[in-house]
Amino acid sequence: MSEKRIELPASITVRELADRLDASPIQIIKVLMNNGVMASINQQIDFETSAIVAAELGFEAAPEEVLLDESEETSADVPLWRRMIANEDASQLQPRPPVVTILGHVDHGKTTLLDAIRQTNVAAREVGGITQHISAYQVEHNGQTITFLDTPGHAAFTAMRARGAQGADVVVLVVAADDGVMPQTKEAIAHARAARVPIVVALNKIDKPNANPERVKQQLAENELVPDDWGGDVMVVPVSAKKQEGIEDLLEAILLTAETLDIQANPNGRVIGTVIEARMDKSRGVVATLLVQNGTLRKGDVIVVDTAYGRIKALYNYRGRQIKEAGPSTPVGAIGLNSVPAAGELFQVVKTDKEARQIAARRAEEKKVKARQRKVTLEELFNQFQSGEIRELRLIIKADVQGSIDPIVSEINKLAEGQSDIKIKILHAEAGNITENDIMLASASRAIVIGFNVQADVAARRLAEAEGVSIRLYDIIYRLTEDLEKSLKGMLAAEMEEKPLGKAEVLAVFNISKYGRIAGCRVREGVIRRNAKARLWRGEDLVYEGEIDSLKREKENVREVREGFECGIHLKNFNEVEVGDIIECFYIAEAEA
Ligand code: GDP
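## Topic: the pairing of strand E21 (residues 331-335)
Working step 1: For E21, the tally of buried residues reaches 5 of 5 residues, placing the bulk of the element in the interior.
Working step 2: When strand E14 (residues 285-294) meets E21, the two strands line up antiparallel, connected through 5 bridges. Looking at E21, one finds that Val287 is bridged to Ile335.
Working step 3: One ladder, built from 3 bridges, connects strand E18 (residues 314-316) with E21; its direction is antiparallel. Residue pairing for E21: Leu315 is matched across the bridge by Ala334.

Right, here's the structure in full:
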């Protein structure tokens, strides 16, 4: 029998499932009843169950791919496109243009440089096109294309990274040759480094009489950006954005740096990308600049971005010309979303309006729940560290003067040395008050912000609250280290306790050569989970304590089975299970204070 493939979510109502399977709810309820499940029309059923129903109706169900859920946050250090193409057919991968973003200290010439590149290399807007500015453009150099994100400033870059998108492949760091490395230059270096994006330095304002390239190179080297002519691996290109000099060399350097990255995408693959910028336009509705990162986006496609969605009514390129489709690394203007998404959000193409609406609704619901839960407190970070979710404790340190940073850093490093199993990493240390940028970096990197004799400004506090970033202020170094140490020790010695999951009753016992005795069970309460801890009770007697090493529904291996459902359980290294035994399932976690 040839089966139709269908993607189903982790949980779905009976009514919804009927819709998707093109069946009546009554039909679905009947199939469920035949499988021993009594469900009402609005009841949620899990994927395992809906998959069985789907199979009975001639569908082959696969779990719906949910794009980048929060559990993937730990892999935020790996650029999205790399994670994405890991799922693509390798033979379909093709090189794509590098995407470049420009960072640097205020007034060092970011905007002028973006204009200079645009003017020298981009053809004029096409006549008849919509005069619609989009915040990205493309240039050609020696027959190769480069995509520039026209959103200078760290906020755009970090916003993307905070959402795991990481739009840029290469960062151009603009440093004015007459001014040198300044606080925001350092901040930009920290951002790029945290995101593991390579840097090309544009040594700007080289036309100025007081330009001092050698001094700037020295400063760059002090910040671990060793120029290639000094034997390092960072290309430093002298330019004058104002006089439009050195632009070609800069493009060359960008392409050379990008070459080492092996940047690819599958033009025929899953369509996915990032919002560069979006706003509400009075006559056109939501106008979004999107960067396509994989696949090909087409006019008429239905997209979902976070909780916004819509069918694309019009697509136009950076020249303002209407286009029908856009492949990887292409920036496009898109009209048709129902609400304004935030910069940095990911978009994906889905098949129908309805699917889009459902995904958006589910996310809105999840957001509400998450807002209540998510807090990057020190304690939480240690918890995650303990459970192996994060590999290191990341700190951002702001202090009143440079002179107090060094002793703080050395004290923290000393502390870290005493902890063999915990790595403490200082992402960024700088003199100055705690700003929004620090919070952005902290949120994107899951770090906490430590202030020493400084304040957090109002905007920073507000953002920290919204993003759940923890700020800790100190005025005495030993208090700071004492606090860190206490938390470390406290958490390391955290008490563990048992948390119950559920119970199942053994209704039958089967012998399966590969496993041995399998207990055919019905879950009586809670949930039974594969790899969880288990006890086997026979009446009052505890017969076994160990773990569940195999859990099946029908013939499928499953992760968990809920109350009311039947399943096959095998207990690790145990083959004496009998009808009537009770299997108790639980896990061990830190006791709540
Ligand atoms: P941003 O804040 O980094 O975007 O800097 P801008 O692009 O706004 O430039 C700040 C100032 O520096 C402006 O007055 C520019 O005209 C000037 N500027 C930018 N690039 C150059 C350059 O290559 N040479 C000179 N002499 N001035 C420049």
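## Digging into the sheet that holds strand E8 (residues 144-149)
Working step 1: Pairing is mixed in the open sheet, where 6 strands are placed in the order E7-E8-E6-E9-E10-E11. Single-partner strands in this sheet number two, and they are strand E7 (136-141) and strand E11 (236-238). Averaged over all neighbouring strand pairs, the angle between strand axes comes to 30 degrees, with direction disregarded.
Working step 2: Direction of pairing for strand E6 (residues 99-104) relative to E8: parallel, over a ladder of 3 bridges. Its bridge partner being in E8, Thr101 is matched across the sheet by Leu149.
Working step 3: The sheet strands contacting helix H7 (residues 183-194) are E6, strand E9 (170-176) and strand E10 (199-204), and the helix crosses E9 at an angle near 170 degrees.
Working step 4: Against the sheet, helix H8 (residues 213-222) contacts E9, E10 and E11, and its axis sits at roughly 130 degrees relative to E9.

## Considering the side chain of Asp150
Working step 1: Summarising the element assignment, Asp150 is placed in the loop between E8 and helix H6 (154-162).
Working step 2: A polar side-chain atom of Asp150 sits 2.3 Å from a polar atom in the side chain of Arg118.

## Regarding the side chain of His570
Working step 1: Mapped onto the secondary structure, His570 falls in strand E33 (residues 566-571).
Working step 2: Within polar-contact distance, the side chain of His570 engages the side chain of Asn575 at 3.3 Å.
Working step 3: Every residue in contact with His570, bar those within four places of it in the chain, is listed here: Tyr515, Arg517, Ile518, Glu547, Ile548, Asp549, Ser550 and Asn575.

## Notes on the sheet that holds strand E19 (residues 322-323)
Working step 1: If you trace the 8 strands from one edge of the open sheet to the other, you get E17-E16-E22-E13-E14-E21-E18-E19, paired in antiparallel fashion. Pairing within the sheet leaves two strands with one partner each, and these edge strands are strand E17 (308-311) and E19.

## Notes on H7
Working step 1: Between its first and last C-alpha, H7 extends 16 Å over 12 residues, near the 16 Å set by a 1.5 Å rise per residue.
Working step 2: Taken residue by residue, H7 has Thr185, Glu187, Ala188, Ile189, Ala190, His191, Ala192 and Ala194 as its buried positions.
Working step 3: Count one or two residues on from H7 and you reach Arg196, which has phi positive near 55 degrees.

## Re the environment of Ile471
Working step 1: By secondary structure assignment, the location of Ile471 is in strand E26 (residues 471-474).
Working step 2: Owing to a relative accessible area of 22%, Ile471 belongs among the partly exposed residues under this scheme.
Working step 3: Between the alpha carbons of Ile471 and Ala456 there is a distance of 8.2 Å; along the sequence they are 15 residues apart.
Working step 4: Ignoring anything within four residues of it in the chain, the contact list for Ile471 reads Ile434, Ile439, Val449, Ala456 and Ala464.

## Thoughts on the packing of aromatic side chains
Working step 1: For the coordinates displayed, the defined rule picks out 2 aromatic pairs.
Working step 2: Centroid distance Tyr137 to Phe148: 5.6 Å. Interplanar angle 25 degrees. Geometry classified as stacked. Of this pair, Tyr137 sits in strand E7 while Phe148 sits in strand E8, and the two are 11 residues apart along the sequence.
Working step 3: Judged by its relative accessible area of 0%, Tyr137 falls in the buried class.
Working step 4: Owing to a relative accessible area of 0%, Phe148 belongs among the buried residues under this scheme.

Thresholds, definitions, all that
Residues numbered from 1 in each chain as written. Predicted model: local features only at pLDDT ≥ 70, side-chain atom pairs only at ≥ 80, totals over all residues. Heavy atoms only, no water. Buried < 20%, exposed > 50% of the residue type's maximum accessible area, 1.4 Å probe, protein only. Helix = DSSP H or I, 4+ residues; strand = E, 2+ residues; numbered from the N terminus. Pairing = 2+ DSSP bridges. Axes fitted to C-alpha atoms, helices over the stretch in contact; angles between N-to-C directions. Contact = heavy atoms within 4.5 Å. Polar contact = N/O pair within 3.5 Å; in protein donor to acceptor, adjacent residues only side chain to side chain. Expected span 1.5 Å × (residues − 1). Phe/Tyr/Trp six-rings, centres within 6.5 Å; stacked < 30°, edge-to-face > 60°.

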